[in-house]
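# Structural characterization, general
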Amino acid sequence: MNAAQLPPVAPEVTATLVEVLSPRLRKRLDAAVTKLTARPTHRDGTTVTIEVDDETELRLHATGGVVTKAEDITCGCLLAPACVHRAAAACAAPAADPLPEPAGRSAPEGPGPASETDPGSAPEAASSPETASPAQRAAAAGLWAAGAAVLEAGVDGAGAVTQSALLRAAHTARLRHLPRAAGAALSVVTLLRAARAGDPSYRTADLVTVLAELLGTAHRVGTAAGAELAAVRGRVRRPYSPDGSLRLYGLFTEPVVTDSGHGGVRTWVAAADGRLFTVGDVAPGGVGRALGVADRAVRLGDSALTHRELGRAGLAVSGATVSPDGRLGAGKGVKAVTARGAAWTEPPLAALWETPPSEQAARALRSTSRYADPDGGGSDLLFLDVELLGAVREPGGSCLLAQCEGGVQVRLAVADDDPALAHRDNMTLLAAAPGTRLRVIGRLAPAPHPRLTLLACSHPTGEGTIDLGLDRLRRADLPDPAAPVHLAPPQPAGPGAQSPLYLLERRVEQVVPAGRAALGMLGDVTAETRRIRRGGLPTAAALLTALCASAAQRDRDQFGRLLPADTDGFAAHWLAAARYTAAVAESLCSAAWNPAGEFQAAMSPAPVHEASR
């Protein structure tokens with residue numbers, strides 16, 4: 001059995017079942033989860049049955065697809081309902097996304113009366129910005145404590161009991177209208193489970209990001225006011241809002257294949273004013289579905305266009321609805337008919353390539369920042385005119401080097417290495433055609449040097465465009481390789497490429513798998529801090545010193561007994577270091593996109609958000 005075979009369980013159900021266990025059974029819970037996941041499972045309608053042993057069955061009743069009550073998990077053993085099996089099943093199952101709040105109970109957008117579900121809130125005076133209620137601050141404190149406990153224990157020690165505390169804190173935060181922080185807590189639980197299960201798609205950097213998001217958002221609840229509080233609070237769901245009539249022009253279609261086994265496509269279109277939108281079709285099915293869906297009709301109004309065709313044609317849409325991240329809705333009121341498209345060299349699409357690369361990179365970074373407002377919108381796409389220079393070797397393989405405006409050299413990487421997709425083969429052919437000039441679309445890859453994952457390009461013959469994940473170039477499509485080519489010499493790496501920032505980054509990441517003790521036993525880090533200071537990052541050096549000192553600090557009482565560790569203090573130091581490294585890395589990435597002569601002028605100390613203090 002794996003977690004995907006079990007129905008999602010509401011966070012409050014898992015927390016309740018763990019909380020009622022006796023201390024003795026809590027100690028056995030992680031072992032019970034491991035044992036239960038090895039048992040046979042079968043589904044009958046909305047009920048999933050697990051064979052605990054030859055004589056005992058455990059059932060999860062998921063009416064509506066989600067287990068929403070503790071009574072929906074039943075066990076036939078002699079100790080039920082106070083057995084460990086019910087809690088183990090809930091801990092093994094995926095955590096369900098929070099249910100939408102009833103109408104009229106959503107978080108207010110600004111100052112207003114207290115919510116019925118938030119008894120601690122009180123209306124603010126109309127003349128002053130809204131601040132968090134006492135109940136919201138208490139919920140945020142619970143989230144902070146749960147997140148700090150994860151840092152203290154690390155992945156290895158953050159078992160089912162630690163995870164249930166996070167789930168309880170997430171449920172309380174949702175009731176107090178703090179969906180952004182609640183969502184971060186659920187993401188932490190999901191990644192903890194993936195890490196402990198040995199999921200190959202798990203990355204420590206991802207858990208660092210969501211832990212910092214959780215702690216940072218929880219901290220900001222108590223200090224934010226007005227519009228900042230609304231952003232910190234977040235939204236329960238990402239609603240589609242009306243956007244009237246839109247005249248859309250197709251740009252390209254990209255295949256989407258996820259680690260969870262989903263596959264499909266996403267087609268990008270642009271409005272006459274330059275705004276970008278997407279029309280997607282992603283569902284379970286993997287790469288095979290991605291290739292098949294590309295030639296299916298787009299689910300939008302009465303259009304008969306396939307995704308491939310829409311990427312080169314146009315649409316006239318009335319009654320359009322759009323999500324905050326630019327997805328076009330396909331509701332009953334949406335009408336869409338096929339219209340003429342536009343070439344990338346024609347208005348209005350040509351304007352997308354007129355913005356300087358450095359400005360495009362800065363915009364993309366704002367949308368891809370690790371701690372950006374989830375409802376902030378924006379796109380991570382860049383539109384560049386480049387000259388191909390040839391392949392360059394990297395530690396993880398090779399990529400295509402190109403030169404764009406201002407002499408900036410950018411590395412064009414493969415978006416997906418799956419051999420069923422055309423990305424790798426197309427990149428290999430393009431690398432064999434130095435000197436070719438192309439108009440390209442790519443996704444910003446944050447790095448200390450200019451880097452994109454290449455998604456689409458103009459055809460080398462100048463006629464039409466190529467969806468690099470779906471269409472396949474042929475050698476006959478490329479210019480004569482015997483033609484003389486003038487190659488610009490490679491630029492020297494910018495300061496970001498040799499930045500000693502990684503010395504702090506690796507210590508921040510080191511905490512996540514092994515907990516505070518991993519840094520507490522390091523000893524003297526003077527050599528690392530000296531190297532960081534020589535690299536021009538004195539703040540990073542100070543943060544590393546403070547982080548390691550906090551990890552090692554253990555006070556004793558008057559009898560010489562060790563006092564409990566200061567988990568709050570360590571979490572605050574870790575959060576400051578995590579947010580600082582992210583901010584500096586983004587500054588280095590942004591500066592690298594400036595022409596070489598402007599690099600130093602673009603560099604400035606990276607701001608550290610209030611959340612990291």
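Now for a description of the structure that goes with this document.

Conventions adopted
- Residues numbered from 1 in each chain as written.
- Predicted model: local features only at pLDDT ≥ 70, side-chain atom pairs only at ≥ 80, totals over all residues.
- Heavy atoms only, no water.
- Axes fitted to C-alpha atoms, helices over the stretch in contact; angles between N-to-C directions.
- Helix = DSSP H or I, 4+ residues; strand = E, 2+ residues; numbered from the N terminus.
- Parallel < 35°, antiparallel > 145°, perpendicular 65-115°, else oblique.
- Left-handed = near helix turned anticlockwise from the far one by under 90°.
- Contact = heavy atoms within 4.5 Å.
- Nonpolar A, V, L, I, M, F, W, Y, C, P; charged D, E, K, R; others polar.
- Core = buried A, V, L, I, M, F, W, Y, C linked by side-chain atoms within 4.5 Å.
- Buried < 20%, exposed > 50% of the residue type's maximum accessible area, 1.4 Å probe, protein only.
- Salt bridge = Lys/Arg side-chain N within 4 Å of Asp/Glu carboxyl O.
- Pairing = 2+ DSSP bridges.
- Phe/Tyr/Trp six-rings, centres within 6.5 Å; stacked < 30°, edge-to-face > 60°.

It is worth spelling out the packing of helix H5 (residues 160-175) against helix H6 (residues 179-196) at this point. The contact between H5 and H6 brings their axes to 8 Å, and the two run at 160 degrees. Between H5 and H6, the crossing angle belongs to the class labelled roughly antiparallel. Crossing hand, H5 versus H6: left-handed. When H5 is examined against H6, the residues Gln 163, Leu 166, Leu 167, Ala 170, Ala 173 and Arg 174 are found in contact with a partner set consisting of Ala 182, Ala 185, Leu 186, Val 188, Val 189, Leu 192, Arg 193 and Arg 196. Looking at side-chain class alone, the contact of H5 with H6 contains 10 nonpolar, one polar and three charged residues.

The next point concerns the nonpolar core. Judged by nonpolar contacts, the single largest core of 70 residues is most densely connected at Leu 166, Leu 207 and Trp 574. The contacts of Leu 207, once residues within four sequence positions are left out, are Val 155, Val 188, Leu 191, Leu 192, Tyr 202 and Val 512. Residues Val 48, Leu 58, Cys 75 and Ala 90 belong to the second largest nonpolar core, which totals 33 residues.

Attention now goes to the pattern of salt bridges. The final tally for this structure, using the stated rule, is 30 salt bridges. Three or more residues are tied together by salt bridges with common partners; here these are Asp 295, Arg 308, Arg 312, Asp 467 and Asp 471.

On to the pairing of strand S14 (residues 451-458), then. Of all eight residues in S14, eight are buried; the element is thus mostly enclosed. Of the pairings in the sheet, the one linking strand S12 (residues 409-414) to S14 comprises four bridges and is parallel in character. Along S14, the bridge assignment pairs Ala 413 with Thr 453. As paired strands, strand S13 (residues 437-444) and S14 are joined by five bridges and run antiparallel to one another. The partner of Ile 441 across the bridge, within S14, is Ala 456.

This brings us to the packing of aromatic side chains. Counting across every chain of the model gives three aromatic pairs. Ring geometry for Trp 353 versus Phe 383: centroids 5.1 Å apart, planes at 75 degrees, classification edge-to-face. With Trp 353 in the loop between strand S9 (335-339) and helix H11 (357-368) and Phe 383 in strand S10 (residues 381-394), this pair connects stretches of sequence that are 30 residues apart. One exposure class covers both Trp 353 and Phe 383, and it is buried.

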